[in-house]
Amino acid sequence: MATRVLLATVAVAVACSSGPVTPTGSPTTAASPVAPTVDVTTTMGPGPALSTNTGAPSPAPAFGEFDTRLAVGFAERLVAATGPRPAGSAGDIAARELLALTWATTGWHVVAEPFPLPQGGESANLVAWRGDDPRGGPHIVVGGHIDTVAGSPGANDNASGIGVLVALADELRDEDVGPLVLVAFGAEEKQPSTPREHHIGSKAYAAGYADRVTAMLSVDMIGHGSPTCLCWYRDGPATLAQELAGLADDGFHVEARGDISDHVPFAERGVPAVLLWTGRSPGYHGPGDTVELLRPGDIERTGELVLRWLRMR
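Summarised in this report is the structure supplied together with it. Just so we're clear, the structure is a prediction, and the values are computed from it rather than from any experiment. (Residues numbered from 1 in each chain as written. Predicted model: local features only at pLDDT ≥ 70, side-chain atom pairs only at ≥ 80, totals over all residues. Heavy atoms only, no water.)

## Some thoughts on the overall build of the protein
Across its full length, the protein carries 7 helices and 10 strands. For the protein, the residues scored as buried account for 57% of the 313 residues in total. Accessible surface computed for the protein: about 12,300 Å², of which carbon and sulfur atoms make up 54%. (Helix = DSSP H or I, 4+ residues; strand = E, 2+ residues; numbered from the N terminus. Buried < 20%, exposed > 50% of the residue type's maximum accessible area, 1.4 Å probe, protein only. Areas by Shrake-Rupley, 256 points an atom, 1.4 Å probe, with all protein chains shown as cover.)

## Some details on the packing of helix α2 (residues 90-104) against helix α3 (residues 155-171)
With their axes 10 Å apart at the nearest point, α2 and α3 run at an angle of 20° to one another. When the axes of α2 and α3 are compared, the pair comes out roughly parallel. Read as a crossing pair, α2 and α3 show a hand that is right-handed. In contact with Leu99, Thr102 and Trp103 of α2, α3 contributes Ile162, Leu165, Val166 and Ala169. (Axes fitted to C-alpha atoms, helices over the stretch in contact; angles between N-to-C directions. Parallel < 35°, antiparallel > 145°, perpendicular 65-115°, else oblique. Left-handed = near helix turned anticlockwise from the far one by under 90°. Contact = heavy atoms within 4.5 Å.)

## Observations concerning helix α7 (residues 296-312)
Note that an α-helix has 3.6 residues per turn; residues three or four places apart therefore point the same way. Look at α7: 24 Å from first C-alpha to last across 17 residues, which is about the 24 Å you get at 1.5 Å a residue. Within the span of α7, buried status applies to Asp298, Ile299, Arg301, Thr302, Gly303, Leu305, Val306, Leu307, Trp309 and Leu310. (Expected span 1.5 Å × (residues − 1).)

## Here's the deal with the pattern of salt bridges
The full count for this structure, using the stated rule, is 12 salt bridges. Between Asp133 and Arg135 there is a salt bridge, with its nearest N and O atoms 2.8 Å apart. Ionic contacts of the salt-bridge type, sharing partners, join the residues Glu113, Asp133 and Arg135 into one network. (Salt bridge = Lys/Arg side-chain N within 4 Å of Asp/Glu carboxyl O.)

## Considering the sheet that holds strand β4 (residues 122-129)
Spatially, β3-β4-β6-β5-β7-β10-β8-β9 is the arrangement adopted by the 8 strands of the open sheet, whose pairing is mixed. Two strands lie at the open edges of the sheet, namely β3 (109-116) and β9 (252-257), each paired on one side alone. Averaged over all pairs of adjacent strands, the angle between their axes in this sheet comes to 25°, without regard to strand direction. Across 5 bridges, the pairing between strand β5 (residues 139-145) and strand β7 (residues 213-219) is parallel. (Pairing = 2+ DSSP bridges.)

## Description of the side chain of His224
In this fold, His224 is placed in the loop between β7 and β8 (228-233). A distance of 2.8 Å separates a polar side-chain atom of His224 from the backbone oxygen of Leu293. Sequence-distant contacts of His224, that is, excluding residues within four places in its chain, are made with Asn156, Thr278, Gly279, Ser281, Pro282, Leu293, Arg295 and Asp298. (Polar contact = N/O pair within 3.5 Å; in protein donor to acceptor, adjacent residues only side chain to side chain.)

## A closer look at the packing of helix α1 (residues 68-82) against α7
Where α1 contacts α7, the two axes come as close as 9 Å, and the packing angle between them is 115°. Seen along the crossing, α1 lies across α7 with a hand that is right-handed. Contact residues: Thr68, Ala71 and Val72 in α1; Pro296, Ile299 and Glu300 in α7. Residue composition of the contact of α1 with α7, by class: 4 nonpolar, 1 polar and 1 charged. (Nonpolar A, V, L, I, M, F, W, Y, C, P; charged D, E, K, R; others polar.)

## Overview of the state of the cysteines
If you walk through the whole model with that rule in mind, you get 1 disulfide. The disulfide that involves Cys229 links it to Cys231, with 2.0 Å between the sulfurs. Disulfide Cys229-Cys231: the torsion about the S-S bond is 130°, which places it as right-handed. By the burial criterion, Cys229 is buried, and Cys231 matches it. (Disulfide = S-S within 2.5 Å.)

## As for the nonpolar core
Residues Trp103 and Val142 are the most contacted members of the largest nonpolar core, which totals 56 residues. Take this core: its biggest share by element is 9 residues, from α3. Ignoring any residue separated from it by four or fewer positions in sequence, one finds Trp103 in contact with Trp108, Val110, Leu126, Ala128, Leu165, Val166, Ala169, Leu182, Val183 and Ala184. Judged by nonpolar contacts, the second largest core, of 19 residues, contains Val141, Val183, Phe185 and Val213. (Core = buried A, V, L, I, M, F, W, Y, C linked by side-chain atoms within 4.5 Å.)

## Focus on the packing of aromatic side chains
By the definition in use, this model includes 4 aromatic pairs. Aromatic pair Phe185 and Phe266: ring centres 6.3 Å apart, planes at 55°, arrangement tilted. Within this pair, whereas Phe185 is found in strand β6 (residues 180-185), its partner Phe266 is found in helix α6 (residues 264-267), the two being separated by 81 residues in sequence. On the basis of relative accessibility, which here comes to 0%, the residue Phe266 falls in the buried class. When the ring of Tyr205 is compared with that of Tyr209, the centres are 4.5 Å apart and the planes differ by 40°; the resulting orientation is tilted. Remark: Tyr209 and Tyr205 occur in helix α4 (residues 200-209); sequence separation between them is 4 residues, near one turn of the helix. The exposure classification of Tyr205 matches that of Tyr209, with both residues buried. An aromatic cluster is built from Phe185, Tyr205, Tyr209 and Phe266, whose rings are joined through pairwise contacts. (Phe/Tyr/Trp six-rings, centres within 6.5 Å; stacked < 30°, edge-to-face > 60°.)

## What to know about the pairing of β9
For β8 and β9, the ladder comprises 6 bridges, and the chain directions are parallel. Within β9, the position partnered with Trp232 by the bridge is Ala256. Where the polypeptide runs from β8 across helix α5 (residues 239-247) and back to β9, its parallel neighbour, the crossover connection is right-handed. (Right-handed = clockwise from strand over helix to strand, strands pointing away.)

Function-wise, these values are silent; they only describe arrangement.
Structure representation (structure tokens):
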């Protein structure tokens, strides 16, 4: 299947068997095929490559603060551009296209790794890194899911976490923080299948790479509530939660929780893994999960802690 990655005026369109997808406010929820693994740092057509890697030496890094405005702004943009984005839908595809373009234009290599959905169709994880692909050896994963339940715009759940990933990618574009992989997981939410499977994208990544993942952070629903939970899976190691707590300022607490986010497939394989989570907000899993709920201070609290932790490793 020939796949082309084109830079358009406001979005990137990926041509595949289902044709190009344009973000809309009311995407269909029908399952749609996604493109195979594609390195979007290469433009297969006229125009410059999306990657900003030119071979020229990078300037000395400036260790700035977490850009809360960028994180919130991207979360708002994602909601406005795609609306609800259940796994396999046009909104799901459009959301990944928007994020892929955003990451690539800050110099990150980006690939989509498709996986099948239990109800039919496909979704994908969007995976990004700097420099050489670190996934062949020990690496850190910081991720959050990009899908929503049907009918929900998903501002807090989980455009807030994706906004944090965008701000981290921008801030770390010229920093050496070791082998770091950012992942926008697909199909975290429970699927319309029997049984109601969930965390499908993170299960797929963990199945392929968990033996090389040294630590994993899931940034999920961090935009409304205080304090922020450093949640460790009750059947997995608590060491990473304790490490983060030692770095955290006020506004965090450590708690053991069940199977509630994308950190669990890693913890089940013995990987130190933590969910950063501000709890269920108004509008949870419904049409009321809108950008008006997002509280910049809550998003900033998580972003600053993750950035501090990455720089100290």
